[in-house]
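# Structural overview
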Amino acid sequence: VLNATINTSAHRPCEGSSYIPTPPHLSHKLCTVNIKNDDNLCFLYAILAQIYPASYNRERVSHYTKYLHTLNTTGLTFPMQVTDIGKFEKLNPDISVSVYYFNDHDDDKADRRRDHTEDMFISPMYVSPHRDRAHHVNLIVIDEEVAEDEVDPIDKCHYILVTKLSALVAHRTS
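Calculation notes
Residues numbered from 1 in each chain as written. Predicted model: local features only at pLDDT ≥ 70, side-chain atom pairs only at ≥ 80, totals over all residues. Heavy atoms only, no water. Helix = DSSP H or I, 4+ residues; strand = E, 2+ residues; numbered from the N terminus. Buried < 20%, exposed > 50% of the residue type's maximum accessible area, 1.4 Å probe, protein only. Contact = heavy atoms within 4.5 Å. Areas by Shrake-Rupley, 256 points an atom, 1.4 Å probe, with all protein chains shown as cover. Polar contact = N/O pair within 3.5 Å; in protein donor to acceptor, adjacent residues only side chain to side chain. Salt bridge = Lys/Arg side-chain N within 4 Å of Asp/Glu carboxyl O. Phe/Tyr/Trp six-rings, centres within 6.5 Å; stacked < 30°, edge-to-face > 60°. Pairing = 2+ DSSP bridges. Core = buried A, V, L, I, M, F, W, Y, C linked by side-chain atoms within 4.5 Å.

Moving on, we get to the overall build of the chain. Secondary structure summary: the chain contains 5 helices and 5 strands in total. For the chain, the N- to C-terminal ordering of α and β elements is α-β-α-α-β-α-β-β-β-α. Within the span of the chain, comprising 174 residues, buried residues form 43% of the whole. Counting contacts in the chain only where the partners sit at least 6 residues apart, residues at least 24 apart contribute 63% of the total. Carbon together with sulfur atoms contributes 49% to the accessible area of the chain, which is approximately 10300 Å² in total.

Below is the structure:
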């Protein structure tokens, strides 16, 4: 082993919510679809965007609302917590979901560089144990601090569909 890197981060549980703009470092990779929803169903819209891809303006929620009835959400609450994704998979046996966390909040380093891709931290939050399902969906969670509290900051989180996982993690393979 010539080199090993261990990344750690403080875990602040979050659940999906309404739209948060895609961070520029992530949007430049052209590997995601960020649905512009104003409710707490971003998880479902991202799933539907993978299964029923729109041919244009993929970020518009109107493309996916007509398919909401195709997903079984019995007993689930929204916004969706990452800890409930296994329940979703059990209710929808043809769908598997993996979720990654995106964090680029290291502002000190980011200010010193023009290319911020080295500051991106992507880590798995939930990796589906189901490998043989008809539909596999990769999602990324982005967050935005909405209230500053010294003890317990409140984060608003949002699920985004990853369309090209290899492009998302390309900066980590060099």
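Attention now moves to the environment of Arg133. Inspection of the secondary structure assignment puts Arg133 in the loop between strand E3 (121–126) and strand E4 (135–147). Since its relative accessible area comes to 18%, Arg133 is described here as buried. For the pair formed by Arg133 and Ile95, sequence separation is 38 residues and the distance between their alpha carbons is 5.8 Å. The contact partners of Arg133, leaving out residues within four places of it in the chain, are Glu89, Asn92, Pro93, Asp94, Ile95 and Ser96. A polar atom in the side chain of Arg133 sits 2.9 Å from the backbone oxygen of Glu89. A distance of 3.4 Å separates the side chain of Arg133 from the backbone oxygen of Asn92, its partner in a polar contact.

As enumerated under the stated definition, the model contains 1 salt bridge in all. Here Asp84 makes a salt bridge to Lys87, at a shortest N to O gap of 3.2 Å.

Our focus in this paragraph is the packing of aromatic side chains. Remark: the centre distance and the inter-plane angle together describe each pair of aromatic rings, the angle taken between the planes. Here the structure, examined in full by the defined rule, presents 3 aromatic pairs. By the ring-pair criterion, three or more aromatic residues cluster together here, those being Phe43, Phe88 and Tyr159.

Glancing now at the pairing of strand E2 (residues 95–103). In terms of burial, E2 is largely enclosed, as 9 of its 9 residues are buried. The alternating pattern of E2 places Ile95, Val97, Val99, Tyr101 and Asn103 on one face and Ser96, Ser98, Tyr100 and Phe102 on the opposite face, and all of these are buried. Bridge count for E2 against E3 is 5 bridges, and the pairing is antiparallel. Opposite Phe102, over in E3, you have Ile122 as the bridge partner.

A word on the nonpolar core. Phe43, Ile47, Ile85, Phe88, Val97, Leu139 and Tyr159 are the most contacted members of the largest nonpolar core, which totals 30 residues. If you list the elements that add at least two residues to this core, you get helix H2 (42–51), helix H3 (85–91), E2, E4 and strand E5 (154–162). The element that contributes the greatest number of residues to this core is H2, accounting for 9 residues. When sequence neighbours within four positions are dropped, the list of residues in contact with Ile47 reads Leu71, Phe88, Ile95, Val97, Val137 and Leu139. One finds Cys31, Tyr100, Ile160 and Val162 within the second-largest nonpolar core, a separate group that totals 11 residues.

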